[in-house]
Amino acid sequence: MFIKFDAADGEALADFLAGERWPFHTIEIVERADVLKRVADGYYDDETYWIEADGERAGIVRLFDLEDETPMFDLRIGERHRGKGLGRDAVTWLTDRLFGEFAHVERIEGTTRQDNVAMRRVFRRCGYVKEAHYRKAWPDASGHKHDSVGYAILRRDWQTGETTVPDFHDE
Ligand SMILES: CC(C)(COP(=O)(O)OP(=O)(O)OC[C@H]1O[C@@H](n2cnc3c(N)ncnc32)[C@H](O)[C@@H]1OP(=O)(O)O)[C@@H](O)C(=O)NCCC(=O)NCCS
């Protein structure tokens, strides 16, 4: 179930984000105060949803750049709830929502670290295709630079269920 985040609920969001480590994000340890400031600044206003499972807030998904033809998203499932299909359900849901409700959206994009196997699996399962590979583009907290990878889905592919493969070998 996806419940729209209300800025009045900022404390709960701060508890959630500061209560976990996020090793595949640039900021692994999130400070409560930073979350509360972002809430006050309207950072989560575009569209942010709690992902509820078994009556609990299991995760959060933020959709952004909604005015663009290519919106993006940030998806985080709490550690206890990972590996149970919630990531896949969330990406399926947000893909249907963005293409279904926003007529101008032509593509949806997401980027992740190369070694984020679970997220890459979710992208592929949900019809997203790898379009980009950025070498040594994603520094972690220790300064080590990881490769990152970019995936996207086209409206056309969402409509037809087909997969348009990028024209990589064009040189
Ligand atoms: C990445 C993330 C969103 C995936 O969501 P999830 O609910 O854990 O994943 P799901 O249960 O939907 O699993 C989807 C697929 O990934 C596989 N998978 C899940 N966790 C895995 C892991 N740790 N290693 C390898 N594969 C994994 C599942 O087997 C499943 O594959 P299948 O469809 O072939 O059966 C979630 O783990 C998460 O929030 N991680 C931390 C934050 C993060 O990395 N966010 C993405 C930043 S871009």
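Residues numbered from 1 in each chain as written. Predicted model: local features only at pLDDT ≥ 70, side-chain atom pairs only at ≥ 80, totals over all residues. Heavy atoms only, no water.

A word on the environment of Glu 162. Along the chain, Glu 162 falls in the segment after helix H5 (155-160). Of the residues examined, Glu 162 reaches a relative accessible area of 55% and is grouped as exposed. (Helix = DSSP H or I, 4+ residues; strand = E, 2+ residues; numbered from the N terminus. Buried < 20%, exposed > 50% of the residue type's maximum accessible area, 1.4 Å probe, protein only.)

This brings us to the pattern of salt bridges. Tallied over the full model, the rule gives eleven salt bridges. The partner of Arg 21 in a salt bridge is Glu 28, with the nearest N and O atoms 3.2 Å apart. As a salt-bridge pair, Glu 131 and Arg 107 come within 3.0 Å of each other at their nearest N and O atoms. In this pair, Glu 131 sits in strand S6 (residues 129-139) while Arg 107 sits in strand S5 (residues 107-113), placing the two residues 24 residues apart along the sequence. Taken together, the shared-partner salt bridges in this structure form one network comprising Glu 11, Asp 15 and Arg 32. (Salt bridge = Lys/Arg side-chain N within 4 Å of Asp/Glu carboxyl O.)

Moving on, we come to the packing of helix H3 (residues 86-101) against helix H4 (residues 117-125). For the pair H3 and H4, interaxial distance at closest approach is 9 Å and the crossing angle is 45 degrees. Put simply, H3 runs oblique to H4. Viewed along their axes, H3 and H4 form a crossing whose handedness is right-handed. The segment H3 lies against H4, with Gly 87, Arg 88 and Val 91 engaging Met 119, Val 122 and Arg 125. Counted by class, the contact of H3 with H4 contains three nonpolar, one polar and two charged residues. (Axes fitted to C-alpha atoms, helices over the stretch in contact; angles between N-to-C directions. Parallel < 35°, antiparallel > 145°, perpendicular 65-115°, else oblique. Left-handed = near helix turned anticlockwise from the far one by under 90°. Contact = heavy atoms within 4.5 Å. Nonpolar A, V, L, I, M, F, W, Y, C, P; charged D, E, K, R; others polar.)

Attention now goes to the site of the ligand. The environment of the ligand is made up of 22 residues, and the closest members are Ile 77, Gly 85, Gly 87, Arg 121 and Arg 125. The contact in question runs from an oxygen atom of the ligand to an N or O atom on the backbone of Gly 83, over 2.8 Å. Gly 87 has a polar backbone atom sitting 2.8 Å from an oxygen atom of the ligand. Isolated, the ligand exposes 930 Å² of accessible area, and the fraction of that covered by the protein chains is 75%. (Near = heavy atom within 4 Å. Polar contact = N/O pair within 3.5 Å; in protein donor to acceptor, adjacent residues only side chain to side chain. Areas by Shrake-Rupley, 256 points an atom, 1.4 Å probe, with all protein chains shown as cover.)

What follows deals with the UniProt feature "domain: N-acetyltransferase" (unreviewed entry) in the protein chain. When the UniProt feature table is mapped onto this chain, "domain: N-acetyltransferase" (unreviewed entry) is found at residues 3-156. Secondary structure across residues 3-156 comprises 30% helix and 34% strand; the distance between its end C-alpha atoms is 28 Å. (UniProt positions renumbered as here; feature names shortened; annotations may be inferred.)

Take Ala 14: it is sitting in helix H1 (residues 10-18). When residues no more than four places from it in sequence are discounted, the contact partners of Ala 14 are Gly 19, Arg 32, Val 35 and Leu 36.

For the rest of this paragraph, the subject is a negative patch on the surface. Where like charges cluster on the molecular surface, the negative patch consists of Asp 45, Asp 46, Glu 67, Asp 68, Glu 69 and Glu 106. Mapping Asp 68 onto the fold places it in the loop between strand S3 (56-64) and strand S4 (72-77). A relative accessible area of 32% places Asp 68 in the partly exposed class. (Patch = residues over 30% accessible without salt bridge, like charges linked within 9 Å, V, L, I, M, F, W, Y side chains within 5 Å. Lys, Arg positive; Asp, Glu negative; His and termini not counted. Charge placed at Lys NZ, Arg CZ, Asp CG, Glu CD.)

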